[in-house]
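Each chain, written out:
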Amino acid sequence: SAAEKGGYDYFMLKEIAEQPKAVADTLLGRIDAGGSLTLDEVRISAAELREVDKVVIVACGTAFHAGLIAKYAIEHWTRIPCEVELASEFRYRDPILGKRSLVIAISQSGETMDTLMALRHAREQGSKVLAICNTNGSTIPRESDAVLYTHAGPEVAVASTKAFLTQLVACYLVALYLGQVRGTKWGDEIGAVIRDLSQISCEVERVLETMEPVRELARSLADKNTVLFLGRHVGYPVALEGALKLKELAYMHAEGFAAGELKHGPIALIEPDLPVVVVVPSPRGRSVLHDKIVSNIQEIRARGARTIVIAEEGDEAVVPYADHLVRIPATPTLLQPLVATVPLQVFACELATARGNEVDQPRNLAKSVTVE
Ligand code: AGP
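The model shown is predicted, which means the values in this text are computed figures rather than measured ones.

Here's the deal with the site of the ligand
Near the ligand, the surroundings consist of 15 residues, among which Gly61, Ser107, Gln108, Ser109 and Thr112 are the closest. When residues in the shell around the ligand are grouped by element, the largest group, three residues, is from helix H4 (residues 61-78). Across the shell around the ligand, the residue classes break down as five nonpolar, nine polar and one charged.

So, in structure tokens, the structure goes:
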């Protein structure tokens, strides 16, 4: 009913708007006054976490994209090797797991059969499984050794939005907590990240306030057949997520690429007026990547692509090559997905509406996939 949708036309719009609160709620009570993490609810002892020699993340769809981003954070902050795998592929390739492997199963619903089968396989090999889940008491957390709940509140729309942002927050918390208990890199950098994370819900709110031009752009592209998405570093999984949202909602051909791969094949797809969304890393920090992606934008624009550039406020280098420029607040590199994903969600939702599609219930899809 309209009341359930809180005055919005679709659950998806309501859930996009709820993201600042979902992010803040997922952090609530997990950072103490001294800026340290308190994750005692994760029932894996500090001693066991110190023994972990490998992290393996299993998930499907949007949750898998959260896992891809988590890998950058986990390896950077903890120096523990991390693999990410589609849950549906995992157990069929005889993965190398042991007692010191920590398997993280990410699932909004907690009922995804592929993810459940992957975690069962991991536990049979003696690995510890930590679930990151949004649904209290669902099957995946019940069958895991421990759980860290995302506090997004119920997600009704088939296309995952607020659950994704909270999965990222939960993954960052786990990564930082692993860093904290193991003492690796614990210090100034991590303290600063925790402070930035506490601010991030306000930044998400600011992004939401500036989305009208994105909606307008989406409407203008309603008759296109293809949209490509490019990103680099953590922007690469963001590009994959932008493409998945467009496939499931707008039923358009959408593909995400790592920008560095462009010259290895995908650049052949570029033709006049093809919309290409580019997620640009911060010009601060890893500025080498920034400069490389700016030349990618130049290359595709020289071939006629219509460039839709998502770049940090103050990044002037992209301006001459952007047909459409979407500004996002400056954040530390690893946290950028929390703000960069939001315009892509709004874009897909508006395109779906413009094409007359059912936003909350896309064709052929179910909210949770309980078959393998
Ligand atoms: C996301 O928009 C999709 N509907 C889908 O990819 C989803 O993320 C996937 O099926 C995993 O679901 P889960 O998080 O409930 O396990």
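Examining the environment of Arg206
If you trace the backbone, Arg206 turns up in helix H9 (residues 188-208). A sequence separation of 133 residues divides Arg206 from Val339, and the C-alpha atoms of the two residues are 9.1 Å apart.

Considering the pairing of strand E8 (residues 275-279)
With respect to burial, E8 is a largely interior element, five of its five residues being buried. As judged from the three bridges shared by strand E6 (residues 226-231) and E8, these two strands associate in the parallel manner. Looking across to E8, one finds that Leu228 is bridged to Val276. In terms of strand pairing, E8 meets strand E9 (residues 306-312) through five bridges, oriented parallel. Among the inter-strand pairings, Val278 is bridged to a residue of E9, identified as Val309.

Comments concerning the confidence of the model for the protein
Taken as a whole, the protein shows an average pLDDT of 95; of its residues, 98% reach a score of 70 or greater. Confidence metrics for the complex model read pTM 0.97 and ipTM 0.99.

Quick look at the sheet that holds strand E5 (residues 146-149)
Reading across from one edge, E2-E1-E3-E4-E5 is the order of the five strands in this open sheet, with parallel pairing throughout. With partners counted over all chains shown, the strands left at the sheet margins are strand E2 (82-86) and E5, one partner each. Adjacent strand axes in the sheet meet at a mean angle of 20°, parallel and antiparallel pairs treated alike. When strand E1 (residues 54-59) meets strand E3 (residues 101-107), the two strands line up parallel, connected through five bridges.

Some points on helix H13 (residues 336-354)
For H13, built from 19 residues, the straight-helix expectation of 27 Å at 1.5 Å per residue is met to within 8% by its first-to-last C-alpha distance of 28 Å. Of all 19 residues in H13, 18 are buried, a share of seventy percent or more.

As for unusual backbone geometry
Residue Arg79 is not a glycine yet carries a positive backbone phi of 65°. Here Arg79 is to be found in the loop between H4 and E2.

Some words on the sheet that holds E6
Taken in spatial order, the five strands line up as E7-E6-E8-E9-E10 in an open sheet, and their pairing is parallel. For this open sheet the edge positions go to strand E7 (253-258) and strand E10 (324-328), each flanked by a neighbour on one side alone. Neighbour to neighbour, the strand axes of the sheet diverge by 20° on average, direction disregarded. Pairing between E9 and E10: five bridges, direction parallel. Looking at the pairing, Ile308 lines up with His324 of E10. Helix-sheet contacts for helix H12 (residues 287-302) involve E6, E8 and E9, and the interaxial angle to E9 is about 165°.

Regarding the environment of Ser107
Inspection of the secondary structure assignment puts Ser107 in strand E3. Along the chain, Ser107 and Ala243 lie 136 residues apart, while their C-alpha atoms are 20 Å from each other. Not counting residues up to four positions away in its chain, the partners in contact with Ser107 are Ala59, Ala63, Thr112, Thr115, Cys133 and Ile140.

Examining the pairing of E2
Here five bridges tie E1 to E2, and the two strands are oriented parallel to one another. In the sheet register, Val56 faces E2, and the bridge partner there is Glu83. This β-α-β element, E1 to H4 to E2, shows right-handed connectivity.

Side note on the packing of H9 against H13
Following both chains from N to C, one finds H9 and H13 inclined at 25°, their axes separated by 9 Å at the closest point. Here H13 runs roughly parallel to H9, going by the angle between their axes. For the pair H9 and H13, the crossing hand works out as right-handed. In this structure, H9 contributes Ile200, Glu203, Val204, Val207 and Leu208 to the contact, and H13 contributes Leu338, Val339, Val342 and Pro343. Counted by class, the contact of H9 with H13 contains eight nonpolar, no polar and one charged residues.

The rules we used
Residues numbered from 1 in each chain as written. Predicted model: local features only at pLDDT ≥ 70, side-chain atom pairs only at ≥ 80, totals over all residues. Near = placed C-beta within 6 Å. Helix = DSSP H or I, 4+ residues; strand = E, 2+ residues; numbered from the N terminus. Nonpolar A, V, L, I, M, F, W, Y, C, P; charged D, E, K, R; others polar. Buried ≥ 20, exposed ≤ 12 C-beta atoms within 10 Å, placed from the backbone. Pairing = 2+ DSSP bridges. pLDDT = per-residue confidence, 0-100. Axes fitted to C-alpha atoms, helices over the stretch in contact; angles between N-to-C directions. Expected span 1.5 Å × (residues − 1). Contact = placed C-beta atoms within 7 Å. Right-handed = clockwise from strand over helix to strand, strands pointing away. Parallel < 35°, antiparallel > 145°, perpendicular 65-115°, else oblique. Left-handed = near helix turned anticlockwise from the far one by under 90°.

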